[in-house]
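The lines below spell out each chain.
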Amino acid sequence: MGEPQAALQKESTDETKYLTNVLTLLNGFRNSKVLFASAKLGLFGELMSAPKSAQQLATQLNLSEDGLERLLNACVALDLLKKLPNDEYELPSSGKKLLCPQSETNVLGYIHHSNETLYKLWEKLEFSVKSGKHCWREAFQLKEDQGIFEQLYRSKEDLRRFLQGMRSFALQTMNYDAIFSAFDLSKYKLWSDVGGATGILMVNACKKYPNIQTQVLDLPAVLEITEEYLSKEEEEVRKRVNLVPLDFFQQSFPSSDLFILSRILHDWTDEQVIGILKKVYDALPNGGGVLIAEVLLNENRTSPYWGTIQNLNMLVVTEGKERNWSQFASLLSAVGFTNLSYKITSVQLDVILAVK
């Protein structure tokens, strides 16, 4: 094959791949809505116990049989369900674990949050790109004095669903051992998780490090729900997790040997991050540290894929952004930290350790 012909063939192959990518992206929102609608309509929960036909499900869920059958078949095409020879639909074992409200490991909270909150925010992505600001007010017609987290926490049930979604997503995607093994943390005896939500991080820390005591620092309304989750843990772990009410913008931090900031700093501006880190620095003894768990972008901020998409998510949802190592190092140095290290992990969150 001559060089001109080979070049033409390569160009044709590249165009085909690019077209395929564009078409896949074009249909992406439809695939998401199949999952979202199926979860919201209660479809997966109805299939927990046994396979059922479209007619049975339509009757039980009070849905159009024709419309439901189309949705069911789309779920089959997307590998969410299986269609049996007798035309009944079956939920695979993994689906029963992840998609059924009866399962303690379900991710329905995050699916509902994605459908009812994130989907509407991303619809206003153009506004955020033009303005450089989040789009809560544009998506939900908020008043000027309503903050982001006031919207998320507008009722106790909304707060519970949001926290359950974050917890279930973390349980399925985070490797706590990878995070806590990135550095030798054995010298730290008192750990404090800032914005620790349901306490899952400190529970796993206690299981890995049997000699530590821990604190979960969060808003009082959040800690009420944290207590519910912790009450289900073994007493040996539960007694080593203390709950401390804290508004980390309004109050000073309690003293601690090690502070944890997991998926916290990406919510805030550089100025606000410096404020948080200054409070951490002031509460640490010499030799104390802060462990930051965030996705680290590469230096030109084009990978990893998850990080770049999450960076856009931060644009539409928060005042913050995802950062690369240089940006984090600059923020930590500005506060006074001098001993800085980072590790790229094999999971979605990378790890930074800064020592005072």
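What comes next concerns the included structure. All residue numbers here refer to positions counted from 1 along the written sequence of the relevant chain. Selection of residues for local features in this predicted model requires a pLDDT of at least 70, selection of side-chain atom pairs for listing and counting requires 80 or more, and totals for whole chains, interfaces and linings are taken over all residues. Side-chain measures were taken over the full set of non-hydrogen atoms in the model, leaving aside hydrogen atoms and water.

**Some thoughts on the sheet that holds strand S7 (residues 289-294)**
Here's step 1: Pairing is mixed across the open sheet formed by seven strands, whose spatial order is S5-S4-S3-S6-S7-S11-S10. Each end of this open sheet is capped by a strand with a single partner; those strands are strand S5 (241-245) and strand S10 (339-343). Strand-to-strand twist in this sheet, taken as the mean axis angle between neighbours without regard to direction, amounts to 20°.
Here's step 2: We call two residues in contact whenever any of their non-hydrogen atoms come within 4.5 Å of each other. Axis definition: a line fitted to C-alpha atoms, limited for helices to the stretch in contact. Angles are taken between N-to-C directions and run from 0 to 180 degrees. Helix and strand assignments come from DSSP, with helices taken as H or I runs of at least 4 residues and strands as E runs of at least 2, each series counted from the N terminus. The strands touched by helix H14 (residues 220-230) are strand S4 (213-218) and S5; relative to S5, the strand with the most contacts, the crossing angle is about 165°. DSSP bridges decide pairing: two strands pair if at least two such bridges lie between them.

**Observations regarding the side chain of serine 168**
Here's step 1: With respect to the helices and strands, serine 168 occurs in helix H11 (residues 156-173).
Here's step 2: Within 3.5 Å is the distance limit for a polar contact, defined as a pair of N or O atoms, with the added protein rule that one can donate a hydrogen and the other accept it, and that residues adjacent in sequence qualify only through two side-chain atoms. At a separation of 3.3 Å, a polar atom in the side chain of serine 168 contacts the main-chain carbonyl oxygen of asparagine 106.
Here's step 3: The contacts of serine 168, once residues within four sequence positions are left out, are Asn106 and Val107.

**Looking at the nonpolar core**
Here's step 1: The term nonpolar core refers to a set of buried residues drawn from Ala, Val, Leu, Ile, Met, Phe, Trp, Tyr and Cys, joined through side-chain atoms within 4.5 Å. Each residue is assigned to one of three classes by its accessible area relative to the maximum for its type, calculated with a 1.4 Å probe on protein chains only: buried under 20%, partly exposed between the two thresholds, exposed over 50%. Phe180, Leu185, Trp191, Met202, Leu258 and Leu291 are the most contacted members of the largest nonpolar core, which has 32 residues in total.
Here's step 2: Sorting the residues of this core by element identifies helix H12 (176-180), helix H13 (200-208), H14, S5, strand S6 (258-262), S7 and strand S11 (350-355) as the ones contributing at least two each.
Here's step 3: Setting aside its immediate chain neighbours within four residues, leucine 291 contacts Ile179, Phe180, Phe183, Leu185, Leu258, Phe259, Ile260, Leu261, Val351, Ile352 and Leu353.
Here's step 4: With 31 residues, the next largest nonpolar core counts Phe259, Ile264, Val290 and Leu331 among its residues.

**Considering the packing of aromatic side chains**
Here's step 1: Stacked, tilted and edge-to-face are the three classes assigned to paired rings of Phe, Tyr and Trp, where Trp is represented by its six-membered ring and a pair needs centres within 6.5 Å; plane angles under 30 degrees give stacked, over 60 edge-to-face, the rest tilted. What the rule picks out here adds up to 10 aromatic pairs.
Here's step 2: On the basis of an interplanar angle of 85° and a centroid distance of 4.7 Å, the ring pair of phenylalanine 249 and tryptophan 268 is categorised as edge-to-face. Of this pair, phenylalanine 249 sits in the loop between S5 and S6 while tryptophan 268 sits in the loop between S6 and helix H16 (270-283), and the two are 19 residues apart along the sequence.
Here's step 3: Taking relative accessible area as the criterion, phenylalanine 249 reaches 33% and is therefore assigned partly exposed.
Here's step 4: Look at phenylalanine 253 and phenylalanine 259: their rings are 5.8 Å apart centre to centre, the planes differ by 45°, and that puts the pair in the tilted class.

**Some words on the environment of leucine 159**
Here's step 1: Tracing the backbone shows leucine 159 in helix H11.
Here's step 2: Assessed through its relative accessible area of 4%, leucine 159 is described here as buried.
Here's step 3: Through-space distance from the C-alpha of leucine 159 to that of isoleucine 225 is 8.8 Å; in sequence the pair is 66 residues apart.

**A few points about helix H2 (residues 28-40)**
Three or four residues apart is the spacing at which side chains of an α-helix point the same way, because the helix has 3.6 residues per turn.
Here's step 1: The end-to-end C-alpha distance of H2, which contains 13 residues, comes to 19 Å, matching closely the 18 Å that a straight helix rising 1.5 Å per residue would cover.
Here's step 2: Looking only at H2, the buried set comprises Val34, Phe36, Ser38 and Ala39.
Here's step 3: Turning to H2, the residues buried within the fold contact helix H3 (43-46), helix H5 (65-77) and helix H7 (108-122).
Here's step 4: Of the residues trailing H2, glycine 42 is marked for its positive phi of about 80°. Helix span, expected: 1.5 Å multiplied by one less than the number of residues in the helix.

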